[in-house]
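Residue-level structural notes
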Amino acid sequence: MLEPLRQGLPPLDPAAVSSAASCALPARYEAVRDARQFTRRTLDQWDLGDRFDDVCLVVSELVTNALRHALPAPASLMPEQCPPVRLHLMRWTERLVCAVRDPSHDSPVARATDDFSAESGRGLFLVDSFSDSWGWHPLAGTLSGKVVWALFQLRSPAE
(Lines give C-alpha, C1' and ligand atoms only; values in the text may rest on other atoms or scores of the structure.)
Protein backbone atom coordinates (compact mmCIF):
# COMPACT_ATOMS: atom_id res chain seq x y z
CA MET A 1 0.00 0.00 0.00
CA LEU A 2 2.72 2.48 0.94
CA GLU A 3 5.41 1.23 -1.41
CA PRO A 4 7.27 2.94 -2.78
CA LEU A 5 7.57 5.79 -0.33
CA ARG A 6 8.41 8.75 -2.50
CA GLN A 7 11.27 10.85 -1.39
CA GLY A 8 11.22 14.26 -2.95
CA LEU A 9 9.12 17.30 -3.45
CA PRO A 10 5.56 17.08 -4.74
CA PRO A 11 5.43 17.52 -8.52
CA LEU A 12 4.50 21.22 -8.50
CA ASP A 13 6.03 24.51 -9.56
CA PRO A 14 6.80 26.43 -6.32
CA ALA A 15 6.67 29.72 -8.24
CA ALA A 16 3.05 29.09 -9.21
CA VAL A 17 1.67 28.92 -5.65
CA SER A 18 -1.49 31.01 -5.54
CA SER A 19 -1.80 31.02 -1.73
CA ALA A 20 0.37 29.90 1.16
CA ALA A 21 0.15 29.97 4.93
CA SER A 22 2.26 28.51 7.71
CA CYS A 23 2.41 28.38 11.46
CA ALA A 24 4.92 27.26 14.08
CA LEU A 25 3.66 24.64 16.49
CA PRO A 26 5.02 24.16 20.00
CA ALA A 27 6.45 20.83 21.08
CA ARG A 28 3.27 19.80 22.90
CA TYR A 29 0.53 17.41 21.86
CA GLU A 30 -1.99 20.25 22.23
CA ALA A 31 -0.37 21.63 19.08
CA VAL A 32 -2.39 19.11 17.05
CA ARG A 33 -5.55 21.02 18.02
CA ASP A 34 -3.83 24.29 17.04
CA ALA A 35 -2.89 22.77 13.67
CA ARG A 36 -6.51 21.73 13.05
CA GLN A 37 -7.78 25.22 13.93
CA PHE A 38 -5.17 26.84 11.68
CA THR A 39 -6.13 24.47 8.86
CA ARG A 40 -9.85 25.26 9.31
CA ARG A 41 -9.25 29.04 9.18
CA THR A 42 -6.93 28.77 6.19
CA LEU A 43 -9.18 26.48 4.13
CA ASP A 44 -12.19 28.70 4.90
CA GLN A 45 -10.23 31.76 3.69
CA TRP A 46 -9.35 29.90 0.50
CA ASP A 47 -12.97 28.75 0.02
CA LEU A 48 -11.90 25.11 0.43
CA GLY A 49 -13.94 24.32 3.53
CA ASP A 50 -15.49 21.31 1.75
CA ARG A 51 -12.05 19.60 1.87
CA PHE A 52 -11.56 20.20 5.60
CA ASP A 53 -12.35 16.67 6.85
CA ASP A 54 -9.77 14.87 4.68
CA VAL A 55 -7.13 17.60 4.96
CA CYS A 56 -7.62 17.94 8.71
CA LEU A 57 -7.20 14.20 9.26
CA VAL A 58 -3.94 14.21 7.29
CA VAL A 59 -2.64 17.36 9.01
CA SER A 60 -3.45 15.80 12.41
CA GLU A 61 -1.53 12.63 11.52
CA LEU A 62 1.50 14.46 10.11
CA VAL A 63 1.74 16.82 13.10
CA THR A 64 1.23 13.97 15.59
CA ASN A 65 3.99 11.94 13.89
CA ALA A 66 6.35 14.93 14.03
CA LEU A 67 5.63 15.48 17.72
CA ARG A 68 5.84 11.81 18.62
CA HIS A 69 8.79 10.64 16.50
CA ALA A 70 10.84 13.65 15.37
CA LEU A 71 11.54 15.67 18.49
CA PRO A 72 14.34 15.11 20.99
CA ALA A 73 13.54 12.91 23.97
CA PRO A 74 11.47 14.79 26.57
CA ALA A 75 14.02 14.06 29.29
CA SER A 76 16.76 15.92 27.42
CA LEU A 77 14.91 19.15 26.61
CA MET A 78 12.06 21.11 28.11
CA PRO A 79 9.15 21.66 25.66
CA GLU A 80 9.92 25.37 25.23
CA GLN A 81 13.49 24.46 24.21
CA CYS A 82 12.50 21.92 21.54
CA PRO A 83 12.73 23.04 17.96
CA PRO A 84 9.21 23.77 16.77
CA VAL A 85 7.30 21.77 14.25
CA ARG A 86 6.05 23.93 11.38
CA LEU A 87 2.89 23.41 9.31
CA HIS A 88 2.76 24.79 5.77
CA LEU A 89 -0.34 24.87 3.57
CA MET A 90 0.18 25.75 -0.09
CA ARG A 91 -2.52 26.08 -2.71
CA TRP A 92 -2.26 25.91 -6.45
CA THR A 93 -5.29 26.19 -8.75
CA GLU A 94 -6.01 22.47 -8.71
CA ARG A 95 -3.82 21.21 -5.86
CA LEU A 96 -3.28 21.68 -2.15
CA VAL A 97 -0.14 20.60 -0.31
CA CYS A 98 0.14 20.17 3.45
CA ALA A 99 3.74 20.01 4.61
CA VAL A 100 5.05 19.48 8.13
CA ARG A 101 8.66 20.38 8.90
CA ASP A 102 10.42 18.81 11.86
CA PRO A 103 14.01 18.67 13.17
CA SER A 104 14.59 14.95 12.61
CA HIS A 105 16.64 13.52 9.75
CA ASP A 106 14.94 10.12 10.04
CA SER A 107 12.58 9.11 7.26
CA PRO A 108 8.96 8.41 8.14
CA VAL A 109 8.33 4.70 8.66
CA ALA A 110 4.99 2.97 8.28
CA ARG A 111 4.61 0.27 10.89
CA ALA A 112 3.17 -3.02 9.77
CA THR A 113 0.23 -3.87 11.98
CA ASP A 114 -2.71 -6.18 11.69
CA ASP A 115 -4.21 -4.90 14.92
CA PHE A 116 -6.87 -2.48 13.73
CA SER A 117 -7.91 -1.74 17.30
CA ALA A 118 -4.45 -0.40 18.21
CA GLU A 119 -4.36 3.26 19.21
CA SER A 120 -1.27 4.06 17.15
CA GLY A 121 0.69 2.81 14.17
CA ARG A 122 -1.72 3.62 11.36
CA GLY A 123 -0.99 7.31 10.78
CA LEU A 124 0.90 6.99 7.51
CA PHE A 125 -1.69 4.54 6.21
CA LEU A 126 -4.33 7.20 6.84
CA VAL A 127 -2.20 9.84 5.12
CA ASP A 128 -1.81 7.49 2.15
CA SER A 129 -5.53 6.72 2.07
CA PHE A 130 -6.90 10.25 2.36
CA SER A 131 -4.39 12.20 0.23
CA ASP A 132 -3.67 11.78 -3.46
CA SER A 133 0.06 11.36 -2.86
CA TRP A 134 2.60 11.99 -0.16
CA GLY A 135 6.32 11.88 0.45
CA TRP A 136 9.18 13.46 2.30
CA HIS A 137 12.50 15.12 1.71
CA PRO A 138 15.44 16.17 3.88
CA LEU A 139 16.13 19.85 4.32
CA ALA A 140 19.38 21.36 3.13
CA GLY A 141 21.43 24.45 3.81
CA THR A 142 20.89 26.20 7.13
CA LEU A 143 17.66 24.30 7.83
CA SER A 144 17.96 20.98 9.57
CA GLY A 145 15.48 18.13 9.54
CA LYS A 146 12.90 17.06 6.99
CA VAL A 147 9.53 17.90 5.48
CA VAL A 148 6.74 15.34 5.17
CA TRP A 149 4.06 16.42 2.68
CA ALA A 150 0.69 15.30 1.39
CA LEU A 151 -0.92 16.44 -1.85
CA PHE A 152 -4.65 16.81 -2.49
CA GLN A 153 -6.19 17.26 -5.93
CA LEU A 154 -8.76 20.06 -6.00
CA ARG A 155 -11.65 20.38 -8.37
CA SER A 156 -11.05 22.94 -11.07
CA PRO A 157 -13.35 26.01 -10.91
CA ALA A 158 -15.29 24.70 -13.95
CA GLU A 159 -16.28 21.47 -12.16
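Read on for a plain summary of the structure. This structure is a prediction, so every number in the text was calculated from the model and none was measured. (Residues numbered from 1 in each chain as written. Predicted model: local features only at pLDDT ≥ 70, side-chain atom pairs only at ≥ 80, totals over all residues. Heavy atoms only, no water.)

Further remarks concern the environment of Leu143. Relative to the helices and strands, Leu143 resides in the loop between strand S5 (133-138) and strand S6 (146-153). Residue classification places Leu143 among the partly exposed positions, given a relative accessible area of 41%. Distance in space between the C-alpha atoms of Leu143 and Asp102 is 9.9 Å, their sequence separation being 41 residues. (Helix = DSSP H or I, 4+ residues; strand = E, 2+ residues; numbered from the N terminus. Buried < 20%, exposed > 50% of the residue type's maximum accessible area, 1.4 Å probe, protein only.)

This paragraph deals with unusual backbone geometry. In this structure, Asp47 is a non-glycine residue whose phi angle is positive, near 60°. Within the secondary structure, Asp47 is located in the loop between helix H1 (31-45) and helix H2 (52-69).

Under the 1.5 Å per step criterion, the end-to-end length of H1 is 21 Å for 15 residues, consistent within 8% with the ideal 21 Å. Those residues of H1 lying buried are Ala31, Val32, Ala35, Phe38, Thr39, Thr42 and Leu43. Within H1, the buried residues cover an arc of 125° as seen down the axis, which keeps them to one side. Where H1 ends, the next residue or the one after it, Asp47, has phi of about 60°, a positive value. (Expected span 1.5 Å × (residues − 1). Arc of directions from axis to C-beta.)

Quick look at the packing of aromatic side chains now. Tallied over the full model, the rule gives zero aromatic pairs. The positively charged end of Arg40 is found above the aromatic ring belonging to Phe52, 3.7 Å away from the centroid. (Phe/Tyr/Trp six-rings, centres within 6.5 Å; stacked < 30°, edge-to-face > 60°. Lys NZ or Arg CZ within 6 Å of the ring centre and 35° of its normal.)

Moving on, we get to the pairing of S6. Walk down a regular strand and you will see the side chains alternate between the two sheet faces. Of all eight residues in S6, seven are buried, a share of seventy percent or more. Of the pairings in the sheet, the one linking strand S4 (residues 95-102) to S6 comprises eight bridges and is antiparallel in character. Its bridge partner being in S6, Asp102 is matched across the sheet by Lys146. Pairing of S5 with S6 involves six bridges; the strand directions are antiparallel. Each bridged residue has a counterpart across the sheet, and for His137 the counterpart in S6 is Val147. (Pairing = 2+ DSSP bridges.)

This part takes up the packing of H2 against helix H3 (residues 123-130). Running from amino to carboxyl end, H2 crosses H3 at an angle of 150°, the nearest separation of the two axes being 9 Å. The orientation of H2 with respect to H3, classified from their angle, is roughly antiparallel. Of the two elements, H2 crosses H3, and the hand of that crossing is left-handed. Taking contact as the criterion, the partners of Asp54, Leu57, Val58, Glu61, Leu62 and Asn65 in H2 are, on H3, Gly123, Leu124, Leu126, Val127 and Phe130. Residue classes in the contact of H2 with H3 are distributed as seven nonpolar, two polar and two charged. (Axes fitted to C-alpha atoms, helices over the stretch in contact; angles between N-to-C directions. Parallel < 35°, antiparallel > 145°, perpendicular 65-115°, else oblique. Left-handed = near helix turned anticlockwise from the far one by under 90°. Contact = heavy atoms within 4.5 Å. Nonpolar A, V, L, I, M, F, W, Y, C, P; charged D, E, K, R; others polar.)

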